[in-house]
Amino acid sequence: MPTPDLCTEEEVQQLVHGFYDAVRRDEVLGPIFDSHIHEWDRHLATMVDFWSSALRGTGRFRGAPMPKHAALPGLHAALFQRWLALFDEAASAIGNRAMAERAKDLAARVAESLWYGYQMNQAARAGAGAA
Ligand code: HEM
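A few points on the structure. Since the model is a prediction, treat every value here as computed from it, not as a measurement.

A few words on the packing of aromatic side chains. Evaluated as defined, the whole model comprises twelve aromatic pairs. With 4.6 Å between their ring centres and 65° between their planes, Phe19 and Trp83 make a pair best called edge-to-face. Of this pair, Phe19 sits in helix H1 (residues 9-25) while Trp83 sits in helix H5 (residues 77-93), and the two are 64 residues apart along the sequence. Each member of the pair, Phe19 together with Trp83, is buried. Here the aromatic residues Phe19, Tyr20, Phe33, Trp40, Phe50, Trp51, Phe61, Trp83 and Phe87 are joined through ring pairs into a cluster of three or more.

Right, dumping it as structure tokens:
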């Protein structure tokens, strides 16, 4: 269960900003994110809300991750692995071990569900195209 005792808002900010700094420097993920995200401040604020809700239970996130990722062309399993590797590093760098464990676990589960959803969506589109 998310709980405000797990971490502070500052730690959530550090996690999100540290992670996306690494993403933007990454030679594979950086260009993908930069080609889809035109307002980085807004994306970072959305992601702070997401992680604040997921870790601290603040309920601020009002988004729809599945359709947004389904709309991105060319995602594949190795990209999700790379995303997770950078996320794990950013989470470990915060210095709050309980928070890092919970964040990594959640990220892995969301990544898996986004990846399965993505493949289902691609298969449905291919099916619709073939019909
Ligand atoms: C290959 C891996 C990934 C790529 C390339 C990717 C890319 C993106 C992009 C471009 C957006 C902005 C979409 C938009 O505003 O239209 C986004 C939003 C988002 N991503 Fe990812 N993402 C990846 C994996 C993940 C994972 C593993 C998580 C798990 C926490 C995640 C969580 C989110 C959330 C919560 C949003 C905001 C959705 C919303 O505004 O409704 N993403 N992602």
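This part is about the side chain of Ser52. Mapped onto the elements of the fold, Ser52 is located in helix H3 (residues 40-56). Contact partners of Ser52, with chain neighbours within four places excluded, come to Glu9, Val12, Gly57, Thr58 and Arg60.

Moving on: the layout of surface pockets. Looking at the largest pocket, its volume works out to about 950 Å³. Lining of the largest pocket is provided by 30 residues; of these, Ile37, His43, Met47, Lys68 and His69 occupy positions nearest its centre. Secondary structure elements with two or more residues in the lining of the largest pocket: helix H2 (29-36), H3, helix H4 (65-70), H5 and helix H6 (97-130). The element best represented in the lining of the largest pocket is H3, accounting for six residues.

To continue, consider H1. With 17 residues, H1 ought to run about 24 Å at 1.5 Å a step, and its terminal C-alpha atoms sit 24 Å apart, in line with that. Those residues of H1 lying buried are Glu9, Glu11, Val12, Leu15, Val16, Phe19, Tyr20, Ala22 and Val23.

Time to look at the site of the ligand. Near the ligand there are 21 residues, and of these Phe33, Gly63, Ala64, Lys68 and His69 occur at the shortest range. Ala64 places a polar main-chain atom, nitrogen or oxygen, 2.7 Å from an oxygen atom of the ligand. A distance of 2.8 Å separates a nitrogen atom of the ligand from a polar side-chain atom of His69. In a pocket analysis with a 2 Å cut-off to the grid points, the ligand is assigned to the largest pocket. Looking at the shell around the ligand, the elements that each hand over two or more residues are H2, H3, H4, H5 and H6. No other element matches H3, which puts five residues into the shell around the ligand.

So, how was this worked out
Residues numbered from 1 in each chain as written. Predicted model: local features only at pLDDT ≥ 70, side-chain atom pairs only at ≥ 80, totals over all residues. Heavy atoms only, no water. Phe/Tyr/Trp six-rings, centres within 6.5 Å; stacked < 30°, edge-to-face > 60°. Helix = DSSP H or I, 4+ residues; strand = E, 2+ residues; numbered from the N terminus. Buried < 20%, exposed > 50% of the residue type's maximum accessible area, 1.4 Å probe, protein only. Contact = heavy atoms within 4.5 Å. 1 Å grid on protein atoms, 1.4 Å probe; cavity = no way out; pocket = protein on both sides within 12 Å on 5 of 7 lines; lining within 4 Å. Points joined across faces, edges and corners; volume = space filled by probe spheres on them. Expected span 1.5 Å × (residues − 1). Near = heavy atom within 4 Å. Polar contact = N/O pair within 3.5 Å; in protein donor to acceptor, adjacent residues only side chain to side chain. Sits in = over half its atoms within 2 Å of the grid points.

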